[in-house]
Structures are given as structure tokens and as C-alpha cells.
Amino acid sequence: MQTKESLLKYEKITTAELEKARDRAVELIKRNIDKFTHYFPDSNSVNNFYPQTENVEWTTGFWTGEVWLAYECTRDSKLKEVGDIHVKSFMKRIVEKIDVNHHDMGFLYSPSCVAAYELTGNEEGKKAALLAADNLMSRFQEKGQFFQAWGELGAVDNYRLIIDCLLNMPLLFWASNVTKDPKYAEKATTHIITAMNYVIRPDNSTYHTYFFNKETGEPMRGVTCQGNRDGSAWSRGQAWGIYGSALSYKYLRNTEYVEIFRRLTDYFLANLPSDLIPYWDFDFNDGSNEPRDSSSLAITICGMLEMAKYVEKEEAEYYTQVAKILLKALVERCAVTNPKISNGILLHGTYARASVNNPCSNRGVDECNTWGDYFYMEALMRLTTDWKLYW
Ligand code: GLY
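Residues numbered from 1 in each chain as written. Predicted model: local features only at pLDDT ≥ 70, side-chain atom pairs only at ≥ 80, totals over all residues. Heavy atoms only, no water.

**Quick notes on the overall build of the protein**
Logical step 1: Along its length, the protein carries 13 helices and 9 strands.
Logical step 2: A compact globule built from 391 residues would reach a C-alpha radius of gyration of about 21 Å, and the protein, at 19 Å, matches this within 12%.
Logical step 3: Over its C-alpha atoms, taken along the principal directions, the protein stretches across nearly 55 × 45 × 45 Å.
Logical step 4: Expressed as a percentage of the 391 residues in the protein, the buried residues total 62%.
Logical step 5: The long-range fraction of contacts in the protein, counting pairs at least 24 apart against all pairs at least 6 apart in sequence, stands at 68%.
Logical step 6: Carbon and sulfur atoms make up 47% of the accessible area of the protein, which amounts to about 14900 Å² in all.
Logical step 7: Positive and negative side-chain charges of the protein, numbering 44 and 52 respectively, have mean locations separated by a distance of 2 Å. (Helix = DSSP H or I, 4+ residues; strand = E, 2+ residues; numbered from the N terminus. Rg over C-alpha atoms; globule rule 2.2 N^0.38 Å. Buried < 20%, exposed > 50% of the residue type's maximum accessible area, 1.4 Å probe, protein only. Contact = heavy atoms within 4.5 Å. Areas by Shrake-Rupley, 256 points an atom, 1.4 Å probe, with all protein chains shown as cover. Lys, Arg positive; Asp, Glu negative; His and termini not counted. Charge placed at Lys NZ, Arg CZ, Asp CG, Glu CD.)

**Notes on helix H3 (residues 60-74)**
Logical step 1: With 15 residues, H3 extends 22 Å between its outermost C-alpha atoms, agreeing within 8% with the 21 Å of an ideal straight helix rising 1.5 Å per residue.
Logical step 2: Within H3, 12 of the 15 residues are buried, which leaves it mostly tucked inside the rest of the structure.
Logical step 3: Structurally, H3 contributes buried residues whose contacts are with helix H2 (15-31), strand S1 (40-41), helix H4 (77-95), helix H5 (105-120) and helix H13 (370-384).
Logical step 4: Looking one or two residues past H3, Arg 75 carries a phi angle of roughly 55 degrees, positive in sign. (Expected span 1.5 Å × (residues − 1).)

**Concerning the site of the ligand**
Logical step 1: Neighbouring residues of the ligand: Trp 58, Asp 164, Gln 226, Trp 234, Arg 236, Trp 240 and Tyr 351.
Logical step 2: A distance of 2.7 Å separates a nitrogen atom of the ligand from a polar side-chain atom of Asp 164.
Logical step 3: Contacts to the ligand include Trp 240, whose side-chain N or O atom sits 3.0 Å from an oxygen atom.
Logical step 4: Look at the ligand: alone it shows 200 Å² of surface, and the protein chains cover 96% of it. (Near = heavy atom within 4 Å. Polar contact = N/O pair within 3.5 Å; in protein donor to acceptor, adjacent residues only side chain to side chain.)

**Points about the packing of aromatic side chains**
Two numbers describe a pair of aromatic rings. These are the distance of the centres and the angle of the planes.
Logical step 1: By the definition in use, this model includes 35 aromatic pairs.
Logical step 2: Taken together, a centroid distance of 5.8 Å and an interplanar angle of 70 degrees make the contact between Phe 36 and Trp 63 edge-to-face. Taken together, the residues span a long stretch of sequence, with Phe 36 in the loop between H2 and S1 and Trp 63 in helix H3 at a distance of 27 residues.
Logical step 3: You can call Phe 36 buried: its relative accessible area is 1%.
Logical step 4: Ring geometry for Tyr 117 versus Trp 174: centroids 6.2 Å apart, planes at 75 degrees, classification edge-to-face. With Tyr 117 in helix H5 and Trp 174 in helix H7 (residues 169-179), this residue pair connects regions lying 57 residues apart in the sequence.
Logical step 5: A residue is classified by how much of its surface remains accessible, and Trp 174, at 8% relative accessible area, is buried. (Phe/Tyr/Trp six-rings, centres within 6.5 Å; stacked < 30°, edge-to-face > 60°.)

**Description of the pairing of strand S7 (residues 219-223)**
Logical step 1: Here strand S6 (residues 209-212) pairs with S7 via 4 bridges, running antiparallel. Across the sheet, Phe 211 pairs through a bridge with Arg 221, a residue of S7.
Logical step 2: Here S6 folds back onto S7, and the loop between the two strands holds 6 residues, one of which, Gly 217, carries a positive phi near 80 degrees. (Pairing = 2+ DSSP bridges.)

**Considerations on the side chain of Gln 2**
Logical step 1: In this fold, Gln 2 is placed in the segment before helix H1 (4-8).
Logical step 2: Within polar-contact distance, the side chain of Gln 2 engages the side chain of Ser 6 at 2.8 Å.
Logical step 3: Once residues within four sequence positions are removed from consideration, Gln 2 is found in contact with Leu 7, Tyr 10, Leu 269, Ala 270, Leu 272, Pro 273, Ser 274 and Leu 276.

**With respect to helix H6 (residues 123-137)**
Logical step 1: Helix length check: H6 (15 residues) gives 21 Å between terminal C-alpha atoms against 21 Å at 1.5 Å per residue, within 8%.
Logical step 2: All of the buried residues in H6 are Gly 125, Lys 126, Ala 128, Ala 129, Leu 130, Ala 132, Ala 133, Asn 135, Leu 136 and Met 137.
Logical step 3: Residues of H6 that are buried sit in contact with H4, H5, strand S3 (140-141), strand S4 (146-147), H7 and helix H8 (183-198).
Logical step 4: The opening residue of H6, the one whose side-chain oxygen lies 2.9 Å from the backbone nitrogen of Glu 124, is Asn 122.

**Some thoughts on the side chain of His 102**
Logical step 1: Looking at the element boundaries, His 102 is found in the loop between H4 and H5.
Logical step 2: With near-sequence residues (within four places) excluded, His 102 lies in contact with Trp 58, Arg 93, Leu 108, Asn 135, Arg 139 and Ala 149.

**Focus: the confidence of the model for the protein**
Logical step 1: Mean pLDDT over the protein stands at 98; residues scoring 70 or higher make up 100%.
Logical step 2: Within the protein, H1 has the poorest average pLDDT of any element, 97, and helix H11 (residues 294-307) the best, 99. (pLDDT = per-residue confidence, 0-100.)

**Considerations on unusual backbone geometry**
Logical step 1: Within the chain, His 348 stands out as a residue other than glycine whose phi angle is a positive 65 degrees.
Logical step 2: With respect to the helices and strands, the residue His 348 is situated in the loop between helix H12 (313-333) and strand S8 (349-352).
Logical step 3: Of the residues examined, His 348 reaches a relative accessible area of 27% and is grouped as partly exposed.
Logical step 4: A positive phi angle is found at Asp 366, which is not glycine, with a value near 55 degrees.

**Quick notes on the pattern of salt bridges**
Logical step 1: Summed over all chains, the structure comprises 23 salt bridges.
Logical step 2: When the shortest N-O distance is used, the salt bridge between Lys 92 and Glu 96 registers 3.1 Å.
Logical step 3: Assessed through its relative accessible area of 46%, Lys 92 is described here as partly exposed.
Logical step 4: A salt bridge links Glu 378 to Arg 382; the nearest nitrogen and oxygen atoms lie 3.0 Å apart. Placement of both Glu 378 and Arg 382 in helix H13 is noted, with a separation of 4 residues, approximately one turn of the helix.
Logical step 5: Look at Glu 378 and you get buried, because its relative accessible area is 0%.
Logical step 6: Each of Glu 11, Glu 17, Lys 328 and Glu 332 takes part in a single network of salt bridges with overlapping partners. (Salt bridge = Lys/Arg side-chain N within 4 Å of Asp/Glu carboxyl O.)

Following this line, the structure appears as C-alpha cells:
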């Protein structure tokens, strides 16, 4: 457990350490580029090495995002070539509707195709990202006013939103901006209002998923999918809520989202263990043998650095200082320093951990995962450059 005072006693990362960690991450990305040009890294590593996969699942956009981040650092033309090859793969995926029957269009298309368009003017990236936005729009449920995350549209056993979806909303704000058609932003705004109303509990922890009545749209109940139990705080869900509320504020400038950000962040920080690397669920803390989820910390750091742009100076300084403390912990405890032990960037993530109260099987437990790598790199970029968001 941490208090504001105990947290601020930890050492902050220095500029030299940040630059060293960022340059090391770029080198690791470049080492892997040949293996992952025509294939992608799987969602998580196995014994710390990512196998190759086709462009499937919700996670391939993160690797392309890493390629673009590395390109921003180096302007190495080889990285741009690879990013452009990936854009073609993402275009094929959305045109042929390969594994896009879910809501994660933002995770897939913002760091890959939106980034390609915004950074290099890649028109194919723009078209693919707009098709992905249209695909996401088809999942909006009028009864309940939310984007259905998973499964067949309207299926009673999946008539729910999930907190992760807050990170899919920037794709829709981007689509409205590019097309000048407000319909995307309108639905994103509505979904955010619904999600914020139901996923946050009075103690500032969050539900992972929330069900609605399919016939009436009435809110029903919070249920976990990847957390330890329905009423616990899955650490990555809490992190999606933190970064999601910062991004919601960026687009909507509704001060309620600043307040929600503060509440969710307070909960996350207060429940950090003494080495600052969160367990996969906040049911666990110092003394537990359960695995950690480094990716939830990387996501939270990015959320804090985003919100630091909007709040008053003193509060911005607090979030920036804490981000530097947490990033030092990630660099020292989780960053890959030797490519012989891993072809990832950030160790000690957990994709899914089985518990008696969730439907998961163990997957990617104490492994690298592509979103952990990506958000770690994003955090380093935020603190070392004038980085413009892909979200
Ligand atoms: N969005 C799914 C996850 O965080 O595992």
C-alpha cells in the first residue's frame, strides 16, 4: 500500500536514464524487424520470446505502433518501409473482415494506420482506419447506448460494454475530424457517458465489464472477465480506465473526466506494492505469489502524462513526478536489457490469469505482451520528445 508521501520518496528516473532506456528499446525493435515484417508478434511471449502470428487478434497494432515510435526516433527508412507493409496488411484485414468481429478497432488501427497517416501522410492508412471506424460503429447498441465489446451483436450473454473500450474511442474522434462527419464522435461521446456511469464503483475501483438488458437497455450488473472476481479491481482494467478518462477529457473537455481520472489513479497508486510493479489484480499485494502485470503500469504512466497536460501546474507536476518514479521501477525491474533473454521489451506482464471466479485460462503469465512493450515505449517517448499522440 502507498500514500502520496510514501510514493514521492522513491527515486525518479533521470533524463539520461530515460534516453538510455528509449534508445535500448529502439535497438530491440530494430533487432526484431526482419522476423516481424510479414508476420506480427503474437499477443504475448512464450518463455519471453514472441512467436510469429498472422495479423489476427486485438494486439497486432501495438507492434506496428512500436515500429512508428522507433521511426520517429531514428527516421530510419527501413522502419518506414516496414510500417507501410503493415498498413497494407491492416487494409487487407479490414476489407476481408479477418477477425474484426469485435470492438478493438482502436487498439488495432490507431497506433498502426492512424499513426501512418498522421506521421507520413499514408493515404492507405487513412482509408483503412476509416473502414475500421465504420466497423466499430456497427457495434453500437441503441438499447443501453454503448458499443458491444465481444461476440455476436445482440447476444444476451455478451450484451455488455468493457472498460478497455475507452481506448477505442479516439479512433472515432479522429474519424469525425478527418471526414467532418460528426456521427463517429457523437457515438463515442455517448458510449463514454454510459461507460463512466456504470464501471466506476464508490471506492474508486472499476468493473471490467458491465451488462445491460437487451430488451430495455436497463443497466444490470458488473462482471469480470479477466479480473480475480467480479468485485475486485483487475489492474489492467483500472489502467484502461485511467488512460481512458484522460483521453476522454482530451476530446470532450468535460471536467467530470478529470475527477474520474483522479479517483481511478488514486486507487491504482494507493494499491501499489513496495516495488511499485502492480500485481495482476489489486486483490493481491506484498507477500503474494501471484504474478505481476507490468503492462498496467505502463498504461497508467501514459494516462498520467496525458492528464498532466490539462490540470493546473501543481497537480501536473505531481503526476509527472510520479510517472518518473514509476517509469524508473519499470526500467529497473522489467525492461529487457539483454536480447538473449527475450525478443520483447518489457518483462513481467500478464495477459490472462485463471481464477475460480473468472472464465480465463492462464495465458501470457509473467511474460512480455505487445501492449506492455508499446505503452512502455510510448511513456519513454512522452518524457524524452514532444510526442504527438496516435490516439
Ligand atoms: N483489452 C484486453 C486486455 O487488456 O487484455
